[in-house]
Amino acid sequence: MAVEKPTTHVNNWPNAAGFGDLEDTTTPISLKLTGSIPSYVHGSLFRAGPGSYTVPLTNKPGQSFKVYHWFDGFAQFHKFDVSPPSADCPNGRVMYRSKSGSDALKAEIDQHDGSPVSTSFAYRDPCKTKFAKFFTKFDRSDDVTSRNISVTINPKFPSPMSGDSELVVKTDTNQLLRLNNETLESEERFIWGAMKSDDIEKALLNGPLSAAHSCFDEGIEFNYVLNFGKNLSYTIFSLDRTRTTTIHAVIPVSRAVYIHSFFLTKKYIVLCLWQANFKYRGLAFLWNRNALDSIDRTWNPNADTEWIVIPRDGSARHDNSKIKVFKSDPFFCFHTINAYDDGDDIVLDLSQFKDHGILWDLTVEALRSDTATGVLDPDRAPRYTRWRLPSVSKTAKRGVAVLEAQSAKNLHNIELPTINPAKSLTKQKYVYGINTDGNSSFFNKLIKLDVDNLEVKLWSENAYSPSEALFVADPNGKEEDDGVLLTVVLDGLKNRSMLVILDARTMNELCRATMPTDKIVGHGFHGAVLLK
């Protein structure tokens, strides 16, 4: 009788459960609490990301359609309702629920025997992707769950000041998905161009790509839409609390770049064209219908990064001479951290990669501990980096960006960076994020970085895989780091997830809310906190 070979994991640091096919928890469950929830942590933590990676094929018993890139995992949304201590619950309480968000897309894939039927980030099945372009007609499905929208989640759309905020999910295409903020059911899918606008060029907001990460200031949301082809351009716009868009600039460019996030200050919007160029002026994306096959994989060490600076005052709407361009050495980035005006300079912080190879590295096989052939190399991870654009108003047209600071140690890498939201658009001292020390095939630590001296504090436990850490401020605190961090963590050895609350100053654990065994929150992307 054959003996089944036991599953082995890279460095005995299991994380594979977070890349599995996970069931929904539609009826809220109470989590086991260890420790006590701080009195000011009262509200909901929402998270978005993949919840499954395969689709069993009805007409092909025993076969499944498989997603091969982390960014293409099928959407699942999560909600943790956090209550502080009370008479009934002296240590507080955490309730959890989840709901998938790509049911119609998965049904269409099954109906077409595993052929991809909508735009993706990367290839889905190497044997099927080449046929995807023939299924364009299915990309126009009206079903609200026929897209894979699961990167950022915002419970205050369009503005925390609007009075009727909604729960909305975004991705890097021009697609937004409204969810029911209680059940997480998908309710409406729309594009930026569907918002109200008096601009005669409103159709520019119908283009195919936008940033998953908007920037925000005083109840106003900022983003861009990228239009491909002959009239290749970025349309920079804002959305106010009345759901009305204002176009700030239309910027013709010579290359289309994959931009996941950008910068905002009190005076400027800054779009950074790092090196992740879509081929053929972006038309490759419309043909391939996935991002990764459409990005030029060749890295050019001599190609400049361009920092496009657009005034927020509207002066560049019909006068592109108001736009300044600064240049620097090449790099790649997923996530900006913060930006602020420093006199006539602009200071910009980001998590910076040496090159764009990470785009092709983040396959499920390479990240899962039971299929990976090695660890997630700290030297390939991004480092905290600060750039300065000097004398912006005095720059005639073009300037040079100055590298001001960068983490020197590869073990101080940082990704999915967050800050105290109160420090947005002003100088911040601390940045929080996930980190890899090279002992796992995935990120396995949380890091707190002091940007003034580049010193760090770390949090980790054996076989734990943490997610993005979200800051909740202590309303009675006096320092920037007076508050807590909320992070969802996979315990790989006990095969369960938990919500962990850390003291943001010391990085010590205050409490955890643990799920039952085999109840998993997938390795997702981003979250948001809505306080009561």
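Please read all numbers here as calculations on a predicted model, not as lab measurements.

Conventions we followed
- Residues numbered from 1 in each chain as written.
- Predicted model: local features only at pLDDT ≥ 70, side-chain atom pairs only at ≥ 80, totals over all residues.
- Heavy atoms only, no water.
- Helix = DSSP H or I, 4+ residues; strand = E, 2+ residues; numbered from the N terminus.
- Rg over C-alpha atoms; globule rule 2.2 N^0.38 Å.
- Buried < 20%, exposed > 50% of the residue type's maximum accessible area, 1.4 Å probe, protein only.
- Contact = heavy atoms within 4.5 Å.
- Areas by Shrake-Rupley, 256 points an atom, 1.4 Å probe, with all protein chains shown as cover.
- 1 Å grid on protein atoms, 1.4 Å probe; cavity = no way out; pocket = protein on both sides within 12 Å on 5 of 7 lines; lining within 4 Å.
- Points joined across faces, edges and corners; volume = space filled by probe spheres on them.
- Phe/Tyr/Trp six-rings, centres within 6.5 Å; stacked < 30°, edge-to-face > 60°.
- Pairing = 2+ DSSP bridges.
- Axes fitted to C-alpha atoms, helices over the stretch in contact; angles between N-to-C directions.
- Nonpolar A, V, L, I, M, F, W, Y, C, P; charged D, E, K, R; others polar.
- Disulfide = S-S within 2.5 Å.

(A) Spotlight on the overall build of the protein chain. Helix and strand counts for the protein chain come out as four helices and 37 strands. Whereas a compact globule of 532 residues would reach a radius of gyration of roughly 24 Å, the protein chain reaches 22 Å, a difference of no more than 12%. Taking the principal axes of its C-alpha atoms as reference, the protein chain extends roughly 75 × 60 × 45 Å. Residues classed as buried in the protein chain amount to 60% of the 532 residues present. Sequence separation of 24 or more characterises 63% of the internal contacts of the protein chain that already satisfy a separation of 6 or more. Surface accessibility of the protein chain: about 21300 Å² in total, with carbon and sulfur atoms responsible for 49%.

(B) Region of the structure containing empty space enclosed by the protein. This structure, assessed with the given rule, holds four cavities of 30 Å³ or more. Put simply, the largest cavity is a space of about 120 Å³. Taken together, 17 residues form the lining of the largest cavity, with Pro-466, Ser-467, Val-488, His-523 and Gly-524 sitting closest to its centre. For the lining of the largest cavity, the elements supplying multiple residues, two or more each, are β32 (464-466) and β34 (483-491). With three residues, the single largest contributor to the lining of the largest cavity is β34.

(C) Region of interest: the packing of aromatic side chains. By the definition in use, this model includes 29 aromatic pairs. Geometrically, the ring pair formed by Phe-228 and Phe-278 is edge-to-face, given 5.8 Å between the ring centres and 65° between the ring planes. Taken together, the positions of Phe-228 in the loop between β14 (220-227) and β15 (233-239) and Phe-278 in strand β20 (residues 277-278) put the pair 50 residues apart, joining distant regions of the chain.

(D) The arrangement of helix α1 (residues 103-111) in detail. Along α1, the residues that are buried comprise Ala-104, Leu-105, Glu-108, Ile-109 and Asp-110. On the buried face of α1, the contacting elements are β4 (54-56), β5 (64-66) and β6 (74-83). Trailing α1 by a residue or two, Asp-113 shows a phi angle of about 55°, which is positive.

(E) Looking closely at the sheet that holds strand β29 (residues 430-435). Strand order in the open sheet formed by four strands is β28-β29-β30-β31, with antiparallel pairing between adjacent strands. Here the strands that pair on one side only, and so sit at the sheet edges, are β28 (415-418) and β31 (455-459). For this sheet the average axis-to-axis angle between neighbouring strands, irrespective of direction, equals 25°. Pairing of strand β30 (residues 445-450) with β31 involves five bridges; the strand directions are antiparallel. Residue pairing in the sheet places Ile-447 in a bridge with Leu-458 of β31.

(F) A look at the sheet that holds strand β23 (residues 332-342). Read from one edge to the other, the open sheet built from four strands follows the order β23-β24-β25-β27, with strand pairing classed as antiparallel. Strands with a single pairing partner mark the edges of an open sheet, and in this sheet they are β23 and β27 (402-406). For this sheet, the mean inter-axis angle between neighbouring strands, taken without regard to orientation, is 25°. Sheet analysis places strand β25 (residues 383-389) next to β27, joined by four bridges and oriented antiparallel. Bridging from a neighbouring strand, Trp-387 pairs with Leu-403 of β27.

(G) Seen up close, the pairing of β25. When you tally the buried positions in β25, you get seven out of seven residues, the bulk of the element. Across the two faces of β25 the burial is the same, with Arg-383, Thr-385, Trp-387 and Leu-389 and Tyr-384, Arg-386 and Arg-388 all buried. Of the pairings in the sheet, the one linking strand β24 (residues 345-353) to β25 comprises seven bridges and is antiparallel in character. When the sheet's bridge partners are listed, Ser-351 is paired in β25 with Tyr-384.

(H) Examining the layout of surface pockets more closely. For the largest pocket, the calculated volume is near 1500 Å³. In terms of residue count, the dominant contributor to the lining of the largest pocket is strand β37 (residues 526-531) (six residues). Taken together, the residues that form the lining of the largest pocket break down as 27 nonpolar, 14 polar and five charged.

(I) How the structure looks around unusual backbone geometry. Cis geometry marks the peptide bond from Phe-157 to Pro-158; its omega dihedral reads 0°. Inspection of the secondary structure puts Pro-158 in the loop between β8 (152-157) and β9 (166-170). Even without being glycine, Glu-218 reaches a positive phi, approximately 50°. Position of Glu-218 among the secondary structure elements: in the loop between β13 (215-217) and β14. Assessed through its relative accessible area of 54%, Glu-218 is described here as exposed. At Leu-425, a residue that is not glycine, the phi angle is positive and equals roughly 70°. Mapped onto the elements, Leu-425 comes out in the loop between β28 and β29.

(J) Structural detail: the environment of Leu-389. Note on placement: Leu-389 falls in strand β25. Taking the C-alpha atoms as reference, Leu-389 lies 6.4 Å from Val-402; in sequence the two are 13 residues apart. Ignoring any residue separated from it by four or fewer positions in sequence, one finds Leu-389 in contact with Val-270, Trp-307, Val-309, Phe-326, Asp-344, Asp-345, Ile-346, Leu-348 and Ala-401.

(K) Focus on the side chain of His-412. Turning to its location among the elements, His-412 is positioned in the loop between β27 and β28. Looking at His-412, the relative accessible area reads 16%, which means it is buried. Sequence-distant contacts of His-412, defined by excluding residues within four places in its chain, comprise Ser-407, Asn-435, Ile-447, Leu-454 and Val-456.

(L) Structural detail: the state of the cysteines. Taken as a whole and assessed by the stated rule, the structure comprises zero disulfides. The thiol sulfur of Cys-89 is not disulfide-bonded, and the nearest other cysteine sulfur, from Cys-511, lies at 13 Å. Here Cys-89 falls in the partly exposed class, since its relative accessible area comes to 23%. The cysteine Cys-272 is free of any disulfide, with Cys-333 supplying the nearest cysteine sulfur at 7.4 Å. Here Cys-272 falls in the buried class, since its relative accessible area comes to 1%.

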